[in-house]
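# Structural description and commentary
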Amino acid sequence: MAREYLDSAEVSVIIHHAPCLDGLSAAAVCPHNVTYIGFNPNVHKVATHPDINNLPGEQSIVFFDCAPHTVDELLQLRTKHKRVMIVDHHIGSQRIFENVEGCFFRMDKAGCVLAWEYFRDTDEMPEILVHIGDRDLGKFNETNRLIGYALMDMNIRTVASMRSLVFLDSVMASLVTGGQMIVERIERLKRDTPVFFGELSGHRFVYAQLDSYQFVSELAEYLYTKYDVAFTVLYYYENGKWKFSLRTNKDEVDVSLIAKEHFNGNGHKRAAGGALDAIPDFISPCTSGQQAPPVE
Ligand SMILES: [Mn+2]
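What you see is a predicted model; the values in this text were computed from it and never measured. (Residues numbered from 1 in each chain as written. Predicted model: local features only at pLDDT ≥ 70, side-chain atom pairs only at ≥ 80, totals over all residues.)

## Considerations on the overall build of the chain
Quick note on the threshold: A run of H or I in DSSP becomes a helix once it reaches four residues, and a run of E becomes a strand once it reaches two; helices and strands are each numbered from the N terminus. Using C-beta atoms placed from the backbone, we call a residue buried if 20 or more other C-beta atoms fall within 10 Å of its own, exposed if 12 or fewer do, and partly exposed for counts in between. Residues are scored as being in contact if the C-beta atoms we place from backbone atoms lie within 7 Å.
Of the regular secondary structure elements, the chain holds twelve helices and eleven strands. The dimensions of the chain, computed from C-alpha atoms along their principal axes, are 65 × 40 × 40 Å. A buried classification covers 35% of the 296 residues belonging to the chain. A separation of at least 24 residues holds for 55% of the contacts in the chain among residues at least 6 apart in sequence.

In structure tokens:
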């Protein structure tokens with residue numbers, strides 16, 4: 001189907017979801033010398049994306065793991081190029097493009113798996129793509145949890161770096177080991193981080209200072225599960241500001257409101273954040289174990 005619409009050997013441009021491990025992996029398995037363009041639908045529009053607009057005409061373009069916002073945007077692009085195809089698994093985009101020619105959607109497969117099948121057909125898929133794909137579909141297991149930790153820690157941002165990983169023979173074993181090391185780091189953080197309790201907007205909360213944003217979610221989950229609190233506040237010093245991350249697992253608590261009122265911030269009901277110039281009074285000053293801000 002997708003191949004009948006556009007032969008994979010003809011593809012000259014790949015527009016892939018970014019920053020996203022699945023989208024980068026989709027681009028990484030393309031075996032040809034093509035132009036890669038990262039596309040974040042939350043930020044970009046096709047019509048105003050400079051890299052897309054600066055393409056010379058008559059390209060054969062595939063959107064992998066992402067799509068334009070409207071059918072009009074797609075049709076507009078098709079006026080300038082030979083072929084523009086969409087291969088995606090986002091349900092919102094499926095609703096927009098399901099009756100449009102050259103748009104292929106599968107809800108049961110991730111972008112990188114769809115890309116592999118399109119470009120590589122029956123070749124055996126590297127195991128790492130199965131795990132990246134499953135994570136992208138929200139199917140978590142012990143192995144892909146470890147791999148996810150390791151990949152996130154590597155902060156992969158480019159197709160080239162993803163490609164250099166995907167085809168390494170040792171990649172699975174190395175990422176699992178790397179992930180185990182990160183699990184150890186998180187366990188150590190849970191064990192060694194001094195925590196304190198406060199009260200805000202009638203809610204008891206637990207707070208702790210961290211070195212960075214990394215592992216905020218893991219530590220927050222640990223703390224709100226362990227202690228009888230409405231929410232967690234984890235904070236760290238970054239770029240001259242104190243950053244605060246609020247998390248809750250309680251339906252009756254809306255941390256976005258608390259972040260707005262007390263932390264100059266915003267966010268979602270269960271996860272929110274803010275930034276202040278100083279640590280506020282209700283995060284009690286210098287209890288034992290609290291570190292001074294780093295000297296800059
Ligand atoms: Mn995806």
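There's plenty left to go through after this.
## Considerations on helix H11 (residues 216-226)
Note the following rule: It is the directions from the helix axis to the C-beta atoms that the arc portrays.
When H11 is considered as a whole, its buried residues turn out to be Val216, Leu219, Ala220, Leu223 and Tyr224. An end-on view of H11 places all buried positions within 120° of arc, on one side of the element. Away from its buried face by more than 90 degrees, H11 exposes Thr225 and Lys226.

## Side note on the domain arrangement of the chain
Interface size is often expressed as the accessible area that is lost when the parts come together. Quick note on the threshold: What counts as a domain boundary in this text is fixed by an automatic or database domain assignment.
According to the domain assignment, the chain contains domain 1 (2-145) and domain 2 (196-276). Each of domain 1 and domain 2 has a C-alpha centre, and these two points are 36 Å apart.

## Some words on the environment of Asn141
Structurally, Asn141 is set in the loop between helix H7 (127-136) and helix H8 (142-154). Taking the number of C-beta atoms within 10 Å as the measure of exposure, Asn141 has 11 and is therefore exposed. As for Asn141 and His131, which are separated by ten residues in sequence, their C-alpha atoms are 8.9 Å apart.

## Concerning the sheet that holds strand S5 (residues 103-105)
We apply this condition: The pairing criterion for strands is at least two bridges between them, as found by DSSP. Simply put, an axis is a line fit to the C-alpha atoms, just over the touching stretch for a helix, and the angle between two N-to-C directions goes from 0 to 180 degrees.
Strand order across the open sheet formed by five strands is S2-S1-S3-S4-S5, with parallel pairing between neighbours. The sheet is open, and its two borders are formed by strand S2 (35-39) and S5, each paired with just one other strand. Taking the axes of each pair of neighbouring strands and ignoring which way they run, one obtains an average angle of 15° across the sheet. Note: strand S1 (residues 13-17) against S2, five bridges, orientation parallel. Within the sheet, the bridge partner assigned to Ile14 lies in S2 and is Tyr36.

## Some words on the sheet that holds strand S10 (residues 265-267)
As a general point, the strands of a sheet are linked pairwise by backbone hydrogen bonds and lie either parallel or antiparallel. Across the sheet, which stays open at both edges, the six strands sit in the order S6-S7-S8-S9-S11-S10 with mixed pairing between neighbours. Across the chains shown, the open sheet's two edge strands, defined by having one partner strand only, are strand S6 (196-200) and S10. Across the sheet, the mean angle from the axis of one strand to that of its neighbour is 25°, orientation sign disregarded. Against the sheet, H11 engages strand S7 (203-209), strand S8 (231-238) and strand S9 (241-247), with an angle of about 150° to S8.

## Re helix H9 (residues 159-166)
What H9 keeps buried is the set Val159, Met162 and Leu165. For H9, the angular spread of buried residues about the axis comes to 125°, placing them on one side. At its buried positions, H9 is contacted by helix H2 (21-28), S2 and helix H10 (171-192).

## Some details on unusual backbone geometry
That bond from Ala18 to Pro19 is cis: its omega, -10°, falls within 30 degrees of zero. Backbone geometry places Asn264, a non-glycine residue, at a positive phi of 55°. As for its placement among the helices and strands, Asn264 is situated in the loop between helix H12 (255-262) and S10. Accessibility expressed as a C-beta count within 10 Å gives 15 for Asn264, which makes it partly exposed.

## Regarding the environment of Lys269
One can find Lys269 in the loop between S10 and strand S11 (271-276). Separated by 19 residues in the primary sequence, Lys269 and Lys250 place their C-alpha atoms 9.5 Å from one another. Ignoring sequence-local partners within four residues, the contact set of Lys269 consists of Asp254, Val255 and Ser256.

## Focus on the pairing of S7
In plain terms, the rule: Crossover handedness is defined by viewing with both strands directed away from the observer: a clockwise path from the first strand over the helix to the second marks the crossover as right-handed.
When you tally the buried positions in S7, you get five out of seven residues, the bulk of the element. Note that S6 and S7 share five bridges and pair antiparallel. Looking across to S7, one finds that Glu199 is bridged to Arg204. Two successive antiparallel strands, S6 and S7, enclose a turn made up of two residues, where Ser201 displays a positive phi of approximately 50°. Relative to S8, S7 runs parallel, the two sharing five bridges. Across the sheet, the residue bridging to Val206 is Thr232, located in S8. On the question of chirality, the crossover connecting S7 to the parallel S8 by way of H11 is right-handed.

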